[in-house]
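Secondary and tertiary structure notes
Each chain, letter by letter, is given below.
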Amino acid sequence: MSGLRIVRWANVVSGRSGRLRTALRNLGEDYRAAGQDPVLVVPWRGRPPSGTHGGE
């Protein structure tokens with residue numbers, strides 16, 4: 001990807017923050033659609049949930 005890498009740091013995302021997680025995911029999709037390279041950093045205890053990976 002040749003766009004700008006945008007790193008978002010969310011230190012309050014938990015299993016019960018559904019609207020916040022949805023907003024962060026949608027924002028990342030919009031950045032990607034605009035040609036950017038979005039990265040979301042969130043804290044996890046233990047192993048990350050299944051379906052997660054380095055980017056969004």
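Being a predicted model, the structure only gives us computed values, none of them experimental.

As a further point, take the side chain of Asp 37. As for its placement among the helices and strands, Asp 37 is situated in strand β2 (residues 37-41). Polar contacts involving the side chain of Asp 37 include one to the side chain of Arg 5, which spans 2.6 Å.

Glancing now at helix α1 (residues 18-33). Residues spaced three or four apart along an α-helix point in a common direction, a consequence of the helix completing one turn every 3.6 residues. The terminal C-alpha atoms of α1 lie 22 Å apart, and with 16 residues this matches the ideal 22 Å at 1.5 Å per residue to within 8%. After α1 finishes, the residue Gly 35 shows a positive phi value of roughly 90°.

The next thing to look at is the pairing of strand β1 (residues 5-9). Burial along β1 is one-sided: Ile 6 and Arg 8 are buried, while Arg 5, Val 7 and Trp 9, pointing the other way, are not. By the bridge criterion, 5 bridges tie β1 to β2 in an arrangement that is parallel. Across the sheet, the residue bridging to Trp 9 is Val 41, located in β2.

Turning our eyes to something else, we now look at the environment of Val 41. Relative to the helices and strands, Val 41 is located in strand β2. Residues Val 41 and Asn 11 lie 30 residues apart in sequence; the distance between their C-alpha atoms is 8.0 Å. Setting aside anything within four residues of it in sequence, one finds Val 41 in contact with Val 7, Arg 8, Trp 9 and Ala 10.

Cut-offs used in this document
Residues numbered from 1 in each chain as written. Predicted model: local features only at pLDDT ≥ 70, side-chain atom pairs only at ≥ 80, totals over all residues. Heavy atoms only, no water. Helix = DSSP H or I, 4+ residues; strand = E, 2+ residues; numbered from the N terminus. Polar contact = N/O pair within 3.5 Å; in protein donor to acceptor, adjacent residues only side chain to side chain. Expected span 1.5 Å × (residues − 1). Buried < 20%, exposed > 50% of the residue type's maximum accessible area, 1.4 Å probe, protein only. Pairing = 2+ DSSP bridges. Contact = heavy atoms within 4.5 Å.

All we've got here are geometric facts, nothing functional implied.
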